[in-house]
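The chain contents come next:
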Amino acid sequence: AQSVTQPDIHITVSEGASLELRCNYSYGATPYLFWYVQSPGQGLQLLLKYFSGDTLVQGIKGFEAEFKRSQSSFNLRKPSVHWSDAAEYFCAVGAYNFNKFYFGSGTKLNVKP
Amino acid sequence: EPEVTQTPSHQVTQMGQEVILRCVPISNHLYFYWYRQILGQKVEFLVSFYNNEISEKSEIFDDQFSVERPDGSNFTLKIRSTKLEDSAMYFCASSGTTNEKLFFGSGTQLSVL
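The text that follows walks through the structure, step by step, so that each part is easy to find. (Residues numbered from 1 in each chain as written. Chains lettered and ligands numbered in written order. Predicted model: local features only at pLDDT ≥ 70, side-chain atom pairs only at ≥ 80, totals over all residues. Heavy atoms only, no water.)

### Some thoughts on the state of the cysteines
Residues and elements named next belong to chain A. Scanning the entire structure with this criterion turns up 2 disulfides over all chains. Between Cys-23 and Cys-91 runs a disulfide, and the two sulfur atoms are separated by 1.9 Å. For the disulfide bridge between Cys-23 and Cys-91, the dihedral angle about the S-S bond is near -65°, and by the sign convention the bridge is left-handed. Of this pair, Cys-23 sits in the loop between strand S3 (19-21) and strand S4 (24-26) while Cys-91 is found in strand S10 (residues 87-94), placing the two residues 68 residues apart along the sequence. (Disulfide = S-S within 2.5 Å. Helix = DSSP H or I, 4+ residues; strand = E, 2+ residues; numbered from the N terminus.)

As structure tokens, this is what we get:
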């Protein structure tokens, strides 16, 4: 069955520190992987996506993610976190026809000054 | 950037009442979706809609739910007789000719009392 797991419910990092948010997926075919961010009172905004090719993908706001097929992972990283990055982050896998997306339960990021 | 608009942002209703959640997708998009997020849980797929018909729906989307695109701009989700467990944030999303990128609205928080 298709599923997405985000093991960390809450993460707190200091401003300027590096960040890695974990995502593991289970999907029977080639996965199409996404990271979304949700700021309070806002909708879900796409940060980046992976379909094929280079396994390290760059997104908006300085984020990147690496697809590792052997580990069924698609972890999100940022070298230096800004206070404005505080939000909830969702990993998602898209069905082959993009007709349905499966989301993880989200990771809430707090940024300490 | 174009955006998906949802109204109202908050809706409070009594159990057993009908509610209609409204969405205005991005104007040239072809694929439309409803997702929901119960507090503290994953974002869950409800239904996808293409070419004026439902293309896929989840087991959550039972006979109490219906969707409609009544005109060229709106996309609505109707819950015929609300239950307490329908309380959630409901997100509308749309995507274009290549439907791999979902644009989400900011959600309607539905509270069923």
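### Some remarks on the interface of chain B and chain A
Taken together, the contact between chain B and chain A spans 18 residues of the former and 20 residues of the latter. Counting each side, the surface lost to burial between chain B and chain A is near 1,700 Å², with a carbon and sulfur contribution of 54%. When residues of chain B are sorted by the area they lose upon contact with chain A, Lys-42, Glu-100 and Phe-104 of chain B head the list and together hold 32% of the total. Lys-100 of chain A is paired through a salt bridge with Glu-56 of chain B; the nearest N and O atoms lie 3.3 Å apart. Put simply, chain B and chain A have 4 residue pairs in polar contact (both at pLDDT 80 or more) between them. Only strand S4 (31-37), strand S5 (43-50) and strand S6 (53-57) of chain B provide two or more residues apiece to the side of chain B that touches chain A. Looking at the side of chain B that touches chain A residue by residue, the class counts come to 7 nonpolar, 7 polar and 4 charged. (Contact = heavy atoms within 4.5 Å. Buried area = accessible area lost by both parts, 1.4 Å probe. Salt bridge = Lys/Arg side-chain N within 4 Å of Asp/Glu carboxyl O. Polar contact = N/O pair within 3.5 Å; in protein donor to acceptor, adjacent residues only side chain to side chain. Nonpolar A, V, L, I, M, F, W, Y, C, P; charged D, E, K, R; others polar.)

### Points about the pattern of salt bridges
Under the defined criterion, the tally for this structure stands at 7 salt bridges over all chains. The salt bridge partner of Glu-66 of chain A is Arg-77 of chain A, with a shortest N-O separation of 3.2 Å. Taken as a pair, Glu-66 of chain A in strand S8 (residues 64-68) and Arg-77 of chain A in strand S9 (residues 73-78) lie far apart in primary sequence, 11 residues in all. In this structure, Arg-36 of chain B engages Glu-44 of chain B in a salt bridge whose closest nitrogen and oxygen atoms are separated by 3.3 Å. Note on Arg-36 of chain B: relative accessible area 8%, which makes it buried. Linked through salt bridges whose partners overlap, the residues forming this network are Glu-64, Glu-66 and Arg-77 of chain A. (Buried < 20%, exposed > 50% of the residue type's maximum accessible area, 1.4 Å probe, protein only.)

### Examining the packing of aromatic side chains
The full count for this structure, using the stated rule, is 21 aromatic pairs over all chains. Centre to centre, the rings of Tyr-36 of chain A and Phe-104 of chain B are 5.3 Å apart; their planes meet at 85°, and the pair counts as edge-to-face. A residue pair is termed interchain when its members come from two chains, as with Tyr-36 of chain A in strand S5 (residues 32-38) and Phe-104 of chain B in strand S10 (residues 103-104). Summarising the burial analysis for this pair, Tyr-36 of chain A and Phe-104 of chain B share the class buried. For the pair Phe-63 of chain A and Tyr-89 of chain A, a centre-to-centre distance of 5.6 Å together with 45° between the ring planes defines the contact as tilted. Here Tyr-89 of chain A lies in strand S10 and Phe-63 of chain A lies in the loop between strand S7 (56-58) and S8, a separation of 26 residues in the sequence. (Phe/Tyr/Trp six-rings, centres within 6.5 Å; stacked < 30°, edge-to-face > 60°.)

### Considering the pairing of strand S2 (residues 10-14) of chain A
Residues and elements named next belong to chain A. Here S2 shows one buried face, formed by Ile-11 and Val-13, and one open face, formed by His-10, Thr-12 and Ser-14. Two elements, S2 and strand S12 (residues 107-112), share 5 bridges in a ladder whose sense is parallel. Bridge pairing links Ser-14 to Lys-112 in S12. (Pairing = 2+ DSSP bridges.)

### So, unusual backbone geometry
With an omega of -10°, the peptide bond running from Thr-7 of chain B to Pro-8 of chain B counts as cis. Not every positive phi belongs to a glycine, and Ser-72 of chain A is a case in point at roughly 50°. Within the fold, Ser-72 of chain A resides in the loop between S8 and S9.

From the geometry alone we can't say anything about function, so treat these as descriptive.
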